[in-house]
Amino acid sequence: MEKLLSTNRRIEIVKENYKIISERIAEAAVKSGRNPEDVRFMAVTKTVEPVLINTAIEQGITLIGENRVQEFLGKEPDLHLEGVEKHLIGHLQKNKVRQIVGKVDMIESVDSVEIAKEISKRSEMQGITTDVLIEVNIGEEASKFGFAQETLEESLAEIALLPAVRVRGMMCIPPICETKEQNRQFFSQMNKLYIDFSSKIFNNINMNVLSMGMSADYYEAILEGSNLVRVGSALFGERIYR
Ligand SMILES: *Cc1c(COP(=O)(O)O)cnc(C)c1O
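Residues numbered from 1 in each chain as written. Predicted model: local features only at pLDDT ≥ 70, side-chain atom pairs only at ≥ 80, totals over all residues. Heavy atoms only, no water.

**What about the site of the ligand?**
Within the structure, the ligand sits among Val44, Lys46, Asn67, Ile89, Ile173, Met214, Ser215, Arg230, Val231, Gly232, Ser233 and Arg239. Between an oxygen atom of the ligand and a side-chain N or O atom of Asn67, the distance comes to 2.7 Å. Contact between the ligand and Ser233: an oxygen atom at 2.8 Å from a main-chain N or O atom of the residue. Cavity membership is defined here by more than half of the atoms lying within 2 Å of grid points; on that basis the ligand lies in the largest pocket. Tallied by class, the residues present in the shell around the ligand amount to five nonpolar, four polar and three charged. (Near = heavy atom within 4 Å. Polar contact = N/O pair within 3.5 Å; in protein donor to acceptor, adjacent residues only side chain to side chain. 1 Å grid on protein atoms, 1.4 Å probe; cavity = no way out; pocket = protein on both sides within 12 Å on 5 of 7 lines; lining within 4 Å. Sits in = over half its atoms within 2 Å of the grid points. Nonpolar A, V, L, I, M, F, W, Y, C, P; charged D, E, K, R; others polar.)

Written out as structure tokens, the structure is:
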């Protein structure tokens with residue numbers, strides 16, 4: 001359906017969606033005892049054309065997330081990214097690390113010690129430190145990336161020793177749930193882990209980002225403590241994979 005809409009119409013839809021989502025984020029933030037500006041609204045831009053991404057930025061988006069290194073690097077020249085933070089949110093292959101380090105402000109999808117080591121190594125070579133989030137496979141799903149809860153402590157201790165990555169928090173993609181209640185349980189469990197690990201003393205680790213919640217469940221995620229929601233289709237419309 002989206003394909004049949006004119007670009008102008010799609011631009012209008014992104015503007016409307018941006019407003020609606022911003023208001024819901026603000027409402028959920030207040031409901032959870034925080035200020036609207038305490039929760040960041042990331043526009044997830046995979047498969048989205050630059051014209052629509054730029055529209056979202058004009059509306060006030062200051063954070064974008066891309067899944068694939070190649071897609072991001074290909075689109076970047078067409079984006080109006082002044083004042084906009086860029087995060088990588090998709091699973092990263094070791095051989096792509098070299099291309100993305102230094103190009104994004106944060107890598108949210110650190111899902112193994114090995115990938116963290118590679119990010120540190122490539123960052124060191126560039127003389128920079130890369131901010132990362134630890135991805136947790138909160139639903140223990142075989143199909144998903146991320147650390148299992150029981151390996152978190154040991155893995156974090158190892159990552160904390162790396163010289164050129166800085167762990168800023170955690171992210172998760174919970175299982176698809178039948179009810180909002182089930183969804184909230186995963187988010188709540190994640191928030192507990194986040195609080196638990198934030199208070200543990202690890203050198204190099206100073207967590208203040210909890211990235212959880214997408215188009216279908218960002219409201220519930222905020223109620224359970226998320227301070228960064230990653231919204232794609234609710235903002236840009238259904239994705240068309242080419
Ligand atoms: C695609 C994607 C999103 C956004 O998904 P929507 O349901 O379209 O909002 C968020 N986070 C990650 C890691 C994604 O890959």
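**Some details on the layout of surface pockets**
If you add up the space inside the largest pocket, you get close to 880 Å³. Forming the walls of the largest pocket are 35 residues, and the residues nearest its centre are Lys46, Asn67, Ile89, Ile173 and Met214. Looking at the lining of the largest pocket, the elements with two or more residues in it are helix 3 (69-75) and helix 7 (180-199). The biggest single contributor to the lining of the largest pocket is helix 3, with three residues. (Points joined across faces, edges and corners; volume = space filled by probe spheres on them. Helix = DSSP H or I, 4+ residues; strand = E, 2+ residues; numbered from the N terminus.)

**What to know about the packing of aromatic side chains**
Inspection of the entire model under this criterion finds one aromatic pair. Above the plane of the ring of Phe197 lies Lys200, whose end atom (NZ or CZ) is 4.4 Å from the centre. (Phe/Tyr/Trp six-rings, centres within 6.5 Å; stacked < 30°, edge-to-face > 60°. Lys NZ or Arg CZ within 6 Å of the ring centre and 35° of its normal.)

That's the geometry; what it means functionally is another story.
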